[in-house]
Amino acid sequence: MDISIRKIRVLYQKDFLDMIKNISIVISALLPLFFAVLYKYLLGNLGILEDYLLSLILSMNLTMTAVMLPATSIAEEKEKHTLRTLMLSNVSGFEFCMSKMLATGTFMLITNILIYVIVGMDWIYLPAFTVAAAVGAVPLIVLGAAVGLAARDQMTAGVYEVPLMLLFLLPSIFFGMNPVTEVIGKITPCSAVVQLISQITGGTWMSKDTLFYSLVILIWIILSIGIFVLLFRKKGVDN
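Residues numbered from 1 in each chain as written. Predicted model: local features only at pLDDT ≥ 70, side-chain atom pairs only at ≥ 80, totals over all residues. Heavy atoms only, no water.

Here we look at the overall build of the chain
Moving on, step 1. A count of helical and extended segments in the chain gives 10 helices and zero strands.
Moving on, step 2. Along the chain, helices (α) and strands (β) appear in the sequence α-α-α-α-α-α-α-α-α-α when read from the amino end.
Moving on, step 3. Counting the 239 residues in the chain, one finds 49% classified as buried.
Moving on, step 4. Restricting the contact set of the chain to residue pairs at least 6 apart, pairs at least 24 apart contribute 77%.
Moving on, step 5. By element, 71% of the accessible surface of the chain is carried by carbon and sulfur atoms, the whole surface being about 11900 Å². (Helix = DSSP H or I, 4+ residues; strand = E, 2+ residues; numbered from the N terminus. Buried < 20%, exposed > 50% of the residue type's maximum accessible area, 1.4 Å probe, protein only. Contact = heavy atoms within 4.5 Å. Areas by Shrake-Rupley, 256 points an atom, 1.4 Å probe, with all protein chains shown as cover.)

Written as structure tokens, this is what we have:
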């Protein structure tokens, strides 16, 4: 596969600007930040713990932003047939998808840091948090891109996104409330990321749990890439 870093860079710049101009994408990306401010400053008298608040808002960001942005962006290109113009410009499907995922990753990086700052966690853990959240978002971003490949248009992408987001979000929110949700949460990517970060910010990262959650994330990265490659080979990027 002939991959051009220069083409990916140019496409990345275009995709990032397009995402900023897309009102629905911007609102979805800012929604976790809105809830972070709401819970922290308007509902702060309820005594919500910072660790729990970070886990809750990060779960929203990992599922909503990471899944929705690449899925909607890819489906939009397919729906408007602008992708065919890119193909005529000698842009490969892999370069196209990679730029979408990198643009989403940039959004995730920015919003994750803002969430951490708004919640008011200890600054000493910010570098480790940033790395863990960035790596943990990879499988969700790749699965979001796979949804974009599978969808016919933006409406179809929206239908596919919701169950996938709920599948990953709910085990994270209800983690530990009963044995079933705890078992499911331990093997889902979003919950694994949240629990790993909880280990880091809690100062207990030198533990077996940290190794376990890191392994779960690694498995999901491999699995999501496999799903994406299969869909890419089967459907391509312009169906």
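Thoughts on helix H3 (residues 50-80)
Moving on, step 1. Between its first and last C-alpha, H3 extends 43 Å over 31 residues, near the 45 Å set by a 1.5 Å rise per residue.
Moving on, step 2. A bend of about 25° at methionine 68 is the largest found in H3, and the proline proline 70 appears one to four places after it.
Moving on, step 3. Across the 31 residues of H3, 25 count as buried, placing the element largely inside the fold. (Expected span 1.5 Å × (residues − 1). Bend = angle between axes of the 7 residues up to and from the residue.)

Quick look at the environment of proline 189
Moving on, step 1. Within the secondary structure, proline 189 is located in helix H9 (residues 189-201).
Moving on, step 2. The buried category is assigned to proline 189, whose relative accessible area is 1%.
Moving on, step 3. With 127 residues separating them along the chain, proline 189 and leucine 62 place their C-alpha atoms 9.3 Å apart.
Moving on, step 4. Not counting the four nearest positions on each side in its chain, proline 189 is found in contact with Pro139, Leu140, Phe168 and Trp220.

Here we look at the packing of H3 against helix H6 (residues 126-150)
Moving on, step 1. The interhelical angle for the contact between H3 and H6, taken along N-to-C directions, is 35°, at an axis separation of 8 Å. Crossing handedness for the pair H3 and H6: right-handed. Across from Leu54, Leu58, Leu62, Ala66, Val67, Pro70, Ala71, Ile74, Ala75 and Lys78 in H3, the residues of H6 making contact are Phe129, Ala133, Ala137, Leu140, Ile141, Gly144, Ala145, Val147, Gly148 and Leu149.
Moving on, step 2. Of the residues contributing to the contact of H3 with H6, the split by class is 17 nonpolar, two polar and one charged. (Axes fitted to C-alpha atoms, helices over the stretch in contact; angles between N-to-C directions. Left-handed = near helix turned anticlockwise from the far one by under 90°. Nonpolar A, V, L, I, M, F, W, Y, C, P; charged D, E, K, R; others polar.)

As for the side chain of glutamine 195
Moving on, step 1. Its place among the elements puts glutamine 195 in helix H9.
Moving on, step 2. Residues in contact with glutamine 195, not counting those within four places in the same chain, are Phe175 and Tyr213.

Overview of the packing of aromatic side chains
Moving on, step 1. For the structure shown, the criterion picks out seven aromatic pairs.
Moving on, step 2. Ring geometry for tyrosine 116 against phenylalanine 129: centres 4.6 Å apart, planes inclined by 35°, an arrangement best described as tilted. Of this pair, tyrosine 116 sits in helix H5 (residues 93-119) while phenylalanine 129 sits in helix H6, and the two are 13 residues apart along the sequence.
Moving on, step 3. Looking at tyrosine 116, the relative accessible area reads 1%, which means it is buried.
Moving on, step 4. Given a relative accessible area of 0%, phenylalanine 129 falls into the buried group.
Moving on, step 5. Taking 5.5 Å as the distance between ring centres and 85° as the angle between the ring planes, the aromatic pair formed by phenylalanine 168 and tryptophan 220 counts as edge-to-face. Remark: tryptophan 220 occurs in helix H10 (residues 208-235) and phenylalanine 168 occurs in helix H7 (residues 154-173); sequence separation between them is 52 residues.
Moving on, step 6. Look at phenylalanine 168 and you get buried, because its relative accessible area is 3%.
Moving on, step 7. Residue classification places tryptophan 220 among the buried residues on the basis of a relative accessible area of 18%.
Moving on, step 8. What links up through ring pairs into an aromatic cluster is the set Tyr12, Phe16 and Phe107. (Phe/Tyr/Trp six-rings, centres within 6.5 Å; stacked < 30°, edge-to-face > 60°.)

Here's the deal with the pattern of salt bridges
Moving on, step 1. Taken as a whole and assessed by the stated rule, the structure comprises four salt bridges.
Moving on, step 2. Where aspartate 15 meets lysine 100, a salt bridge forms, and the shortest distance between an N and an O atom there is 3.1 Å. Remark: lysine 100 occurs in helix H5 and aspartate 15 occurs in helix H1 (residues 5-21); sequence separation between them is 85 residues. (Salt bridge = Lys/Arg side-chain N within 4 Å of Asp/Glu carboxyl O.)

A look at a nonpolar patch on the surface
Moving on, step 1. Taken together, the side chains of Leu109, Ile110, Ile113, Leu114, Val117 and Trp123 make up a nonpolar region of the molecular surface, amounting to roughly 530 Å² of accessible area.
Moving on, step 2. Of note, tryptophan 123 is situated in the loop between H5 and H6. (Patch = residues over 30% accessible without salt bridge, like charges linked within 9 Å, V, L, I, M, F, W, Y side chains within 5 Å.)

A few points about the nonpolar core
Moving on, step 1. Within the largest apolar cluster, 52 residues are counted, with the highest numbers of intra-cluster contacts made by Leu54, Leu62, Phe129, Ile197 and Phe228.
Moving on, step 2. The set of elements that each furnish at least two residues to this core consists of helix H2 (23-42), H3, H5, H6, H7, H9 and H10.
Moving on, step 3. With 13 residues, the top contributor of residues to this core is H6.
Moving on, step 4. Ignoring any residue separated from it by four or fewer positions in sequence, one finds phenylalanine 129 in contact with Leu54, Leu58, Asn112, Tyr116 and Ile197.
Moving on, step 5. Of all hydrophobic cores here, the second largest spans eight residues; its members include Phe16, Met19, Leu69 and Phe107. (Core = buried A, V, L, I, M, F, W, Y, C linked by side-chain atoms within 4.5 Å.)

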